[in-house]
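# Structural features, examined
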Amino acid sequence: ESLDFSFIHVLRLLYSEDEQVKLLAGEALAAFAFNNVAQQREIAESGGVRMHNFLTFLESKDEYFRCSGAFQVVVLARIIPDEDQASSSAIGIKLLVDLLEFSKKDQIQALTCDCLARLAHTRAGVPAAIVSINGVELLCRLMMCQTEKVRYCAAVALGYLTFDHTAERQLLRRCREQPYLVKVLLYHTRYGKISSSFLDGWQHCKRIGLPPLVDKPKFITAKDSITYLSSLKEQPPHARPLTILSMGADTATGETATTSRHHSSPLGLFRDDRTATNVTGRSSRVSRATATFPQNTPRSDADITPAETPKNEDVPMVVQDG
């Protein structure tokens, strides 16, 4: 809208000696031209772009440069005069799908999924091209990634691809085989786009029956590591009542504090299973002292300290007159 702005300024940066400047200039042109035919026409009238402007990035060893360059080629394919639109689009899509399959970096995988999600709703023919070279299968694999960002980007890309009938059928087949994929897909696409036809097809699959879940991913079965009261062993008859503080596990034996042979009571009461004294946490000081005394050892009056001497409550109180 600014009268001083012109695409010529951005097009000149494509011929800069700095590779980073050239890449950012291409990204700016792709952002203007994305799903905007009028802007694409204006870029072409200002001088346009050529295929050699992107070859450096497409052949780069840097995965980020290849990913960004491939996305730019697909978006600007209509206004690249020295290359056929179908050929330039196919080159860019093939590079993106190859990055999905061979890249080991989570950031590159997430960025590639994001690029495919944007291209999936740019123009007709692009989603079909992604599906034809095994794009749905690779995105389903990435939805099982341990990195949440990768799962999110892969789910969003699949959500847009469900508007393609072939992709919808392939995804339904995978969801029938691995039903937990739907949990990941619906969780991450609750704010995105997903085909209503796919949702109807999934409801039909649920009505006719689904196979049992096998080999669930770790990020879905994280609650399996929680210790529940029902999973603890039967308590000994003389044990203290179970509390939150007594649910720690013995790292050496793997037993819980309430079921181990040596109980981790702060008072040191239950030393072994032979102790038969039924002492609770509300016992008096005398009962605690007798409980911790060695078994079968008689205790004389001399062993009782003044602090432990029991008070005779039956002795009447004597009041002396002043």
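Bear in mind the structure is a predicted one, so any value in this text is a computation, not a measurement.

### Examining the overall build of the chain
When you go through the chain residue by residue, the secondary structure sums to 14 helices and 0 strands. From first element to last, N terminus to C terminus, the chain shows the α and β order α-α-α-α-α-α-α-α-α-α-α-α-α-α. Split into buried and exposed, the 322 residues of the chain put 39% on the buried side. In the chain, the share of contacts with a sequence separation of at least 24, taken over all contacts with a separation of at least 6, comes to 62%.

### Remarks on the environment of Glu63
With respect to the element layout, Glu63 can be found in helix 5 (residues 63-75). Note: C-alpha distance between Glu63 and Lys105 (42 residues apart in sequence) is 9.3 Å. With sequence-adjacent residues up to four places away left out, Glu63 is seen in contact with Leu99, Ser103, Lys105 and Ile108.

### A look at helix 11 (residues 165-177)
Over its 13 residues, helix 11 runs 19 Å from end to end, which matches the ideal 18 Å to within 8%, given 1.5 Å per residue. Restricting attention to buried positions, one finds in helix 11 the residues Ala167, Glu168, Leu171, Leu172, Arg174 and Cys175. Summarising the axial view, the buried residues of helix 11 lie within an arc of 165°, below the 170-degree limit, and thus occupy one face. The outward face of helix 11, more than 90 degrees from its buried face, is lined by the exposed residues His165 and Arg169. Tucked inside the fold, the buried residues of helix 11 contact helix 8 (126-132), helix 9 (135-142), helix 10 (148-161), helix 12 (180-188) and helix 13 (196-208). You can read the cap of helix 11 off the contacts: a side-chain oxygen lies 3.2 Å from the backbone nitrogen of Thr166, and it is on Asp164.

### Overview of the environment of Arg169
On the secondary structure map, Arg169 appears in helix 11. Residues Arg169 and Phe198 lie 29 residues apart in sequence; the distance between their C-alpha atoms is 8.2 Å.

### A word on the side chain of Gln109
Among the secondary structure elements, Gln109 is positioned in helix 7 (residues 106-119). Excluding residues that lie within four positions of it along the chain, Gln109 makes contacts with Leu100, Ser103, Lys104, Leu142 and Val150.

### Focus on the packing of helix 6 (residues 85-102) against helix 7
Look at helix 6 against helix 7: their axes get within 9 Å of each other, and the N-to-C directions meet at 145°. Two packed elements cross with a definite hand, and for helix 6 against helix 7 that hand is left-handed. On helix 7, the residues that touch Leu96, Leu99 and Leu100 of helix 6 are Ile108, Gln109, Thr112, Cys113, Cys115, Leu116 and Leu119. For the contact of helix 6 with helix 7, the per-class residue count stands at 8 nonpolar, 2 polar and no charged.

### A short note on the side chain of His188
Mapped onto the elements of the fold, His188 is located in helix 12. Those residues in contact with His188 that sit more than four places away from it in its chain are Glu148, Arg151, Tyr152, Ala155 and Val156.

### A word on the state of the cysteines
Under the definition given, this model contains 0 disulfides. As a non-bridged cysteine, Cys145 has Cys113 as the owner of its nearest cysteine sulfur, 9.2 Å distant. Its relative accessible area of 16% is what places Cys145 among the buried residues. Here Cys175 stays unpaired: no disulfide links it, and the sulfur of Cys140, its closest cysteine neighbor, is 6.4 Å away.

### A word on helix 12
Within the span of helix 12, buried status applies to Tyr180, Leu181, Val182, Val184, Leu185 and His188. Where helix 12 is buried, its residues touch helix 9, helix 10, helix 11 and helix 13.

### Concerning the packing of aromatic side chains
For the coordinates displayed, the defined rule picks out 5 aromatic pairs. Grouped by ring-pair contacts, the aromatic residues Phe5, Phe7 and Phe32 constitute a single cluster. Lying across the ring of Tyr187, Arg190 places its NZ or CZ 4.3 Å from the centre.

### Let's talk about unusual backbone geometry
One non-glycine residue, Asn35, lies in the positive phi region at around 55°. Tracing the backbone shows Asn35 in the loop between helix 2 (19-33) and helix 3 (37-45). The class for Asn35 is partly exposed, based on a relative accessible area of 42%. Residue Asn134 is not a glycine yet carries a positive backbone phi of 70°. Note on placement: Asn134 falls in the loop between helix 8 and helix 9. Asn134 sits in the partly exposed class, given a relative accessible area of 39%.

### Brief notes about the pattern of salt bridges
For the coordinates displayed, the defined rule picks out 6 salt bridges. Connected through shared salt-bridge partners, Glu137, Arg141, Arg173, Arg174 and Glu177 make up one network.

### Digging into the nonpolar core
In this structure, Leu29, Met143 and Leu158 are the most contacted members of the largest nonpolar core, which totals 68 residues. Ranked by residues supplied to this core, first place goes to helix 10 with 8 residues. Ignoring any residue separated from it by four or fewer positions in sequence, one finds Leu29 in contact with Phe7, Val10, Leu11, Leu14, Ile43, Val49 and Leu76.

Criteria and thresholds
Residues numbered from 1 in each chain as written. Predicted model: local features only at pLDDT ≥ 70, side-chain atom pairs only at ≥ 80, totals over all residues. Heavy atoms only, no water. Helix = DSSP H or I, 4+ residues; strand = E, 2+ residues; numbered from the N terminus. Buried < 20%, exposed > 50% of the residue type's maximum accessible area, 1.4 Å probe, protein only. Contact = heavy atoms within 4.5 Å. Expected span 1.5 Å × (residues − 1). Arc of directions from axis to C-beta. Polar contact = N/O pair within 3.5 Å; in protein donor to acceptor, adjacent residues only side chain to side chain. Axes fitted to C-alpha atoms, helices over the stretch in contact; angles between N-to-C directions. Left-handed = near helix turned anticlockwise from the far one by under 90°. Nonpolar A, V, L, I, M, F, W, Y, C, P; charged D, E, K, R; others polar. Disulfide = S-S within 2.5 Å. Phe/Tyr/Trp six-rings, centres within 6.5 Å; stacked < 30°, edge-to-face > 60°. Lys NZ or Arg CZ within 6 Å of the ring centre and 35° of its normal. Salt bridge = Lys/Arg side-chain N within 4 Å of Asp/Glu carboxyl O. Core = buried A, V, L, I, M, F, W, Y, C linked by side-chain atoms within 4.5 Å.

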